Amino acid sequence: MDSFLIKGGTPLHGEVTISGAKNATLPIMAATLLTDEPCVIRNVPNLSDVRFMGKILESLGAEVSFHDHTLKVRAKKIKGVGDYDLIRKMRGSICILGPLLGRLGKAQVSLPGGCVIGARPIDLHLKGVKALGANVKIEHGYIIATARKLHGDSVFMGGRSGPTVLGTANVLMAAALAEGVTVIESAACEPEVTDLANFLVAMGAKIHGIGSPTLTITGVKKLHGAEHEVIPDRIEAATFAIAAAATNGEVTIKRARVDHLHAVIDKLVECGVKIERNNGSLKICRNGRLKPVDITTLPYSGYPTDAQAQMMALMAVTPGISIITERVFESRFMHVSELARLGADISIEGPSAIVKGGKPLSGAPIMASDLRASAALVIAGLAAKGMTQVNRVYHIDRGYENIDEKLRKLGGRVERIEES
Ligand code: UD1
């Protein structure tokens with residue numbers, strides 16, 4: 001397993017270009033199963049999760065090619081049974097449920113397990129497809145869903161922690177080919193859901209209310225092939241912005257969608273970071289001493305849970321007390337004990353982490369536990385004195401394209417140690 005060796009203490013300087021969004025790409029890839037015609041997706045990040053999703057599509061019978069950030073998929077003839085071992089390894093693969101059901105009227109998808117950030121139930125996904133007329137049973141670790149015909153209905157997708165992103169995606173994709181009108185209430189409004197909806201519209205779907213919590217879908221008989229360009233990754237942009245602030249650097253983030261980053265920008269400005277917005281790019285630099293800020297993660301357009309860990313790394317080096325409250329996932333604080341190994345003073349009280357920031361961090365060997373936690377550890381390592389070795393960086397490779405290379409271009413001293 002590869003690790004990163006980071007020599008901290010160098011401010012990041014220069015320009016970085018943001019890749020396409022992983023969380024938009026995965027459901028869009030699943031949506032290509034809705035048509036037997038070719039689809040072309042551009043600005044696709046070259047990530048292990050994306051390549052993995054490509055394998056899942058191939059295991060269902062689709063032809064997939066991926067070169068130079070362009071993905072071509074033709075799902076001419078597909079089957080409804082996903083490879084158990086492939087699917088159970090990636091939670092995001094649950095989003096093939098809706099398209100398989102919409103196209104074939106049957107889907108057998110392995111039940112995704114929990115993960116380090118919480119239980120990750122799928123009750124809302126199942127509630128959604130049941131509302132469209134699917135019969136669903138769970139057998140031998142599989143979700144088995146069948147429907148002679150899907151029909152439109154009204155479905156409320158809000159849960160205990162707000163709307164579900166991939167649950168909304170699943171119902172949206174199934175409803176695109178259902179008979180009649182489906183109204184999704186309390187739909188997730190994340191830009192990745194909007195990007196999927198725009199791709200579906202390009203395929204011939206009829207969707208109203210895109211970007212809002214009420215999506216109205218009028219089913220069509222057939223969808224056709226389409227071309228689409230994936231939106232830039234707002235979490236990657238947030239991560240580089242936070243890394244620039246944490247290292248006292250000056251970084252221009254190119255291809256950032258400012259309109260997707262309001263909550264993060266707002267918090268960074270409150271913290272004392274100077275941000276200039278120019279035509280699709282953001283320039284980040286420190287404006288003197290930073291101030292602690294309290295953060296609560298919320299569904300979009302609130303502060304994203306996927307940028308919570310990174311902000312905690314920044315707060316750990318910011319003098320004063322900040323409270324970071326996680327409202328989307330139940331136990332998303334795996335990074336706390338690893339940040340503590342670098343000298344951070346953080347305690348957990350229920351859903352909140354209390355960060356007593358400002359103590360200098362010092363490098364140590366630490367372990368990445370999940371994708372966004374790994375990004376936080378890299379930021380902390382860049383801000384710490386001395387050498388930090390972040391182990392198990394395969395987590396970070398799932399969601400950040402060439403992050404070590406991009407950081408090196410900004411002057412970050414990050415070396416990848418490949419393990420044979
Ligand atoms: C997606 C993102 C993930 C991000 C998350 C929240 C992808 C591949 N992943 O995950 O990076 O952190 O959105 O922005 O796009 N829930 C239920 N029942 C369900 C489904 C979800 O109770 O059936 C709960 C979850 O436990 C969680 C909350 O709803 O507390 C939000 O989860 P959800 O939006 O579904 O996350 P994902 O779509 O899996």
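Here, every reference points to the structure presented above.
I will try to describe carefully the structure that is included in this document. Numbers given for residues are sequential positions, taken from 1 along each chain in its written order. Totals for whole chains, interfaces and linings use all residues, but because this is a predicted model, local features are given only for residues with pLDDT of at least 70 and pairs of side-chain atoms are given and counted only at 80 or more. Working from all heavy atoms in the structure, the side-chain values ignore hydrogens and water.

**Description of the nonpolar core**
By nonpolar core is meant a set of buried Ala, Val, Leu, Ile, Met, Phe, Trp, Tyr and Cys residues that side-chain atoms within 4.5 Å join together. Each residue gets one of three labels from its accessible area relative to the maximum for its type: buried under 20%, exposed over 50%, partly exposed in between, using a 1.4 Å probe on protein chains only. Core analysis: the biggest nonpolar cluster contains 75 residues, and Met53, Ile56, Ile96, Leu172, Met173, Ile184 and Leu200 have the highest contact counts within it. Looking at this core element by element, the count peaks at seven residues for helix 6 (residues 165-176). Those residues within four positions of Ile56 in sequence are excluded, and the remaining contacts are Leu86, Ile87, Met90, Ser93 and Ile96. Judged by nonpolar contacts, the second largest core, of 71 residues, contains Ile6, Ala263, Ile275 and Ile284. Each helix corresponds to a stretch of at least 4 residues labelled H or I by DSSP, and each strand to a stretch of at least 2 residues labelled E; elements are numbered beginning at the N terminus. Only heavy atoms enter the contact rule, under which two residues are in contact if any of them lie within 4.5 Å.

**Brief notes about the site of the ligand**
Each residue is tested against the molecule or strand, and it is near if at least one of its non-hydrogen atoms lies within 4 Å. The environment of the ligand is formed by 18 residues, the closest being Asp123, Leu124, Thr164, Asp306 and Val328. Polar contacts, as counted here, are pairs of nitrogen or oxygen atoms within 3.5 Å of one another; within protein the pair requires one atom able to donate a hydrogen and one able to accept it, and residues that are adjacent in sequence qualify only if both atoms are side-chain atoms. Within the side chain of Asn23, one N or O atom sits 3.0 Å away from an oxygen atom of the ligand. At 3.3 Å, a backbone N or O of Pro121 approaches an oxygen atom of the ligand. Accessible surface is estimated by sampling points in the Shrake-Rupley manner with a 1.4 Å probe; for residues, cover comes only from the protein chains shown. For the ligand, the protein covers 90% of the area, taking 740 Å² as the surface of the free molecule. Of all the secondary-structure elements, those providing two or more residues to the shell around the ligand are helix 5 (123-131) and helix 6. Looking at which element gives the most residues to the shell around the ligand, the answer is helix 5, with three residues. Under the scheme applied, nonpolar residues are Ala, Val, Leu, Ile, Met, Phe, Trp, Tyr, Cys and Pro; charged residues are Asp, Glu, Lys and Arg; polar residues are all the others, including Gly. Of the residues contributing to the shell around the ligand, the split by class is eight nonpolar, five polar and five charged.

**Thoughts on the sheet that holds strand 17 (residues 273-278)**
Spatially, the four strands line up as an open sheet ordered 2-16-18-17, and their pairing is mixed. Pairing within the sheet leaves two strands with one partner each, and these edge strands are strand 2 (13-17) and strand 17. Each strand axis lies, on average, 15° off the axis of its neighbour in the sheet, ignoring direction. Simply put, an axis is a line fit to the C-alpha atoms, just over the touching stretch for a helix, and the angle between two N-to-C directions goes from 0 to 180 degrees. Each of strand 2, strand 16 (250-254), strand 17 and strand 18 (281-286) touches helix 8 (residues 234-246); the most contacted strand, strand 18, lies at about 25° to it. Across the sheet, helix 9 (residues 262-271) touches strand 17 and strand 18, and the angle it forms with strand 17 is around 140°. By this definition, two strands are paired if DSSP reports at least two bridges between them.

**A look at helix 8**
The length a helix should cover is 1.5 Å for every residue beyond the first. The end-to-end C-alpha distance of helix 8, which contains 13 residues, comes to 18 Å, matching closely the 18 Å that a straight helix rising 1.5 Å per residue would cover. For helix 8, the buried fraction is high: 13 of the 13 residues fall into the buried class. Capping the start of helix 8, Asp233 holds a side-chain oxygen 2.9 Å from the backbone nitrogen of Ile235, two or three residues further along. A positive backbone phi angle near 60° is found at Asn248, which sits one or two residues after helix 8.

**Remarks on the sheet that holds strand 4 (residues 63-67)**
The strand order across the open sheet formed by four strands is 4-5-3-15, and the pairing between neighbours is mixed. Because the sheet does not close on itself, it has two edges, and the strands there are strand 4 and strand 15 (227-229). Pairwise comparison of adjacent strand axes, ignoring direction, gives a mean angle of 15° for this sheet. Strand direction decides the pairing type here: strand 3 (residues 38-42) and strand 15, joined by three bridges, are parallel. Across the sheet, Arg42 pairs through a bridge with Glu229, a residue of strand 15. Most of the contacts of helix 2 (residues 48-59) go to strand 4, to which it runs at about 160°, and overall it touches strand 4 and strand 5 (70-74).

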